[in-house]
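Close look at the chain arrangement
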Amino acid sequence: MIKNIAVIRGDGIGPEIVEQALRVLDKIAELYGHTFNYTDVDMGGCAIDKWGDPLPPEMLKKCVESDSVLLGAVGGNKWNDMPGYMRPEKGLLRLRAGMGVYSNNRPAKIWPQLANASPLKKSIVDKGIDFIIVRELIGGIYFGEHKTEDIDGKTTAIDVLTYNEEEIERIGRIGFETARKRGRKLCSVEKSNVLDSSRLWKKVMHRLAEEYPDVQLSDMLVDNCAMQIVKDPSQFDVVVTENMFGDILSDEASMITGSIGMIPSSSLGATACGLYEPIHGSAPDIAGKDVANPVGTILSAAMMLRFSFDMPKEADAIEKAVSAYLDAGYRTADIMSEGMTEVGCRQCCELIIHNLRKE
Ligand code: NAD
């Protein structure tokens, strides 16, 4: 198969981790007889420096016209004092909106080899952690009006949270469909005791549930969900929630599995063209030192093969190679523990490639 991939290396550790993922994709192409064509796209701080825009329109066009997009991370201190519309993160929000990817899917799964890296008690980890958070990505408060103005002599900031039933229904369907492919349990998370948008959310989820009688739907308030994720994460199979709640809960969920450097994500909309990226940021504190963990990005590439290119065997091969690398006792600095062998970013990738086999 021939696939065209738009590659956003971004800022900080972005270029070094993306490079490793491309090396793994090249090996997959060689083993399975595929051709992956890469088109570089500037986005984030590097695009501000080069083009004066965190995502120039022609760069967005390259992404929309690709078969999928692989992203490292954007942002850094250098651009922190820029006005809102010129921040690197604005490029990311515009990319998600421009690609129409309304569903962000983040697995929270513990690798048995890394059970010790979880900050949770062993008795909790031993019950198992394996769930997915399906987060609405292009609506809600992040996309509402933001303004700061003088009201009655006081500086007042306003952020508007809006959801319509169509936006809720399309993400709800992704939640139900995902649950159908897993343990058939869907937990809808909202704040319906306070927010109108959450009351509508809950109503739409229950209306949809009638179409999915094989999926068990439950409701949970977001504050309770934050507690339950650390108290008993084994209770969750699929969690579906709105943009800001999902942003916060998915970071919490990633933390309990060990390192944020290990976790991939996919963002999908109505077409097969998806956006794939690790869940962490650009980690400026470790950029350029060859110590970043590239596994989250490598597993994001595996998700791209599985969900956008219909290449499940190739995706399995990458996941097995990561598992074999961990089994052999190698660890990057972020997940290093006693008795293991510490490796850098490039060497980690080389060891994963060494373990790649055609199934
Ligand atoms: P971060 O995720 O970049 O870093 C948090 C901590 O985790 C740091 O100590 C970092 O060294 C470590 N870390 C992150 N990824 C790692 C990896 N692969 N291997 C080893 N250690 C890793 O979060 P932050 O420090 O809050 O943000 C830094 C910048 O990234 C900011 O400009 C922020 O806006 C941006 N950011 C971008 C994205 C994105 O591009 N999707 C997401 C989050 C944050």
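Conventions and cut-offs
Residues numbered from 1 in each chain as written. Predicted model: local features only at pLDDT ≥ 70, side-chain atom pairs only at ≥ 80, totals over all residues. Heavy atoms only, no water. Near = heavy atom within 4 Å. Polar contact = N/O pair within 3.5 Å; in protein donor to acceptor, adjacent residues only side chain to side chain. Areas by Shrake-Rupley, 256 points an atom, 1.4 Å probe, with all protein chains shown as cover. Nonpolar A, V, L, I, M, F, W, Y, C, P; charged D, E, K, R; others polar. Disulfide = S-S within 2.5 Å. Buried < 20%, exposed > 50% of the residue type's maximum accessible area, 1.4 Å probe, protein only. Helix = DSSP H or I, 4+ residues; strand = E, 2+ residues; numbered from the N terminus. Arc of directions from axis to C-beta. Axes fitted to C-alpha atoms, helices over the stretch in contact; angles between N-to-C directions. Parallel < 35°, antiparallel > 145°, perpendicular 65-115°, else oblique. Left-handed = near helix turned anticlockwise from the far one by under 90°. Contact = heavy atoms within 4.5 Å. Core = buried A, V, L, I, M, F, W, Y, C linked by side-chain atoms within 4.5 Å. Pairing = 2+ DSSP bridges. Phe/Tyr/Trp six-rings, centres within 6.5 Å; stacked < 30°, edge-to-face > 60°.

**Points about the site of the ligand**
Near the ligand, the surroundings consist of 20 residues, among which Val74, Glu89, Gly281, Ala283 and Asn293 are the closest. In this structure, Val74 approaches the ligand through a main-chain N or O atom, which is 2.9 Å from an oxygen atom. For the ligand, an oxygen atom lies 2.4 Å from a polar atom in the side chain of Glu89. When isolated, the ligand has an accessible area of 810 Å², and the protein chains bury 67% of it. Counted by class, the shell around the ligand contains 9 nonpolar, 7 polar and 4 charged residues.

**Some points on the state of the cysteines**
Summed over the entire model, instances satisfying the criterion amount to 0 disulfides. Of all cysteine sulfurs, the one in Cys273 lies closest to Cys63, which takes part in no disulfide; the gap is 8.1 Å. Note on Cys187: no disulfide assigned, nearest cysteine sulfur contributed by Cys225 at a separation of 5.6 Å. A relative accessible area of 5% places Cys187 in the buried class.

**A short note on helix H8 (residues 222–231)**
Residues of H8 that are buried include every one of Val222, Cys225, Gln228 and Ile229, and no others. The arc that holds every buried residue of H8, seen down its axis, measures 110°, which confines them to one face. Seen from the open side of H8, the exposed residues pointing more than 90 degrees away from its buried face are Met227 and Lys231.

**Quick notes on the packing of helix H10 (residues 295–307) against helix H11 (residues 312–327)**
Interhelical geometry of H10 versus H11 gives an angle of 160° and a closest axis separation of 7 Å. On the basis of the axis angle, H10 is roughly antiparallel to H11. Classified by chirality, the crossing of H11 by H10 is left-handed. Contacts between H10 and H11 involve Val295, Ile298, Leu299, Ala302, Leu305 and Arg306 from the first element and Pro312, Glu314, Ala315, Asp316, Ile318, Glu319, Val322 and Tyr325 from the second. A breakdown of the residues in the contact of H10 with H11 according to their chemical character gives 10 nonpolar, no polar and 4 charged.

**Notes on the nonpolar core**
Ranked by internal contacts, the top residues of the largest apolar core, which has 44 residues, are Phe36 and Leu305. Residues in contact with Phe36, not counting those within four places in the same chain, are Lys3, Ile5, Leu25, Ile28, Ala29, Leu305, Phe309 and Met311. By size, the runner-up hydrophobic cluster in this structure holds 20 residues, among which are Ile133, Cys187, Cys225 and Ile256.

**Topic: the pairing of strand E5 (residues 130–136)**
Along E5, 6 of the 7 residues are buried, which leaves the element largely enclosed by surrounding structure. Bridging between strand E4 (residues 103–109) and E5 involves 7 bridges; their strand directions are antiparallel. Pairing of Pro107 across the sheet is with Ile132, part of E5. One ladder, built from 4 bridges, connects E5 with strand E10 (residues 238–241); its direction is parallel.

**Points about the environment of Thr156**
You can see Thr156 is positioned in strand E7 (residues 154–159). In this structure the C-alpha to C-alpha distance between Thr156 and Leu200, which are 44 residues apart in sequence, comes to 27 Å. Beyond its immediate sequence surroundings of up to four residues, Thr156 is in contact with Lys147, Thr148, Glu149 and Ile151.

**Here we look at the packing of aromatic side chains**
Here the distance between the centres and the angle between the planes together describe a pair of aromatic rings. Taken as a whole, this structure holds 5 aromatic pairs when the rule is applied. Relative to Phe236, the ring of Phe131 has its centre 5.6 Å away and its plane inclined at 45°; by these criteria the two rings are tilted. On the criterion of sequence distance, the pair formed by Phe131 in strand E5 and Phe236 in the loop between H8 and E10 is long-range, its members being 105 residues apart. An identical accessibility class is assigned to Phe131 and Phe236; each is buried. Here the aromatic rings of Tyr325 and Tyr330 are separated by 6.4 Å at their centres, their planes lie at 15°, and the arrangement is stacked.

**Some thoughts on the sheet that holds strand E2 (residues 35–40)**
In space, the 10 strands of this open sheet follow the order E2-E1-E3-E12-E11-E4-E5-E10-E8-E9, with mixed pairing throughout. If you trace the sheet from one side to the other, it starts and ends with E2 and strand E9 (216–221), each paired once. The average angle at which neighbouring strand axes cross in this sheet is 25°, direction not considered. Running over the sheet, helix H3 (residues 57–64) touches strand E1 (2–10), E2 and strand E3 (68–73) and is turned about 140° from E1.

**Side note on unusual backbone geometry**
The backbone of Arg184 sits at a positive phi, close to 60°, despite the residue not being glycine. Examined against the element boundaries, Arg184 turns out to sit in the loop between helix H6 (165–180) and strand E8 (185–190). Look at Arg184 and you get partly exposed, because its relative accessible area is 38%. Although it is not a glycine, Asp310 sits at a positive phi angle of roughly 55°. As for its placement among the helices and strands, Asp310 is situated in the loop between H10 and H11.

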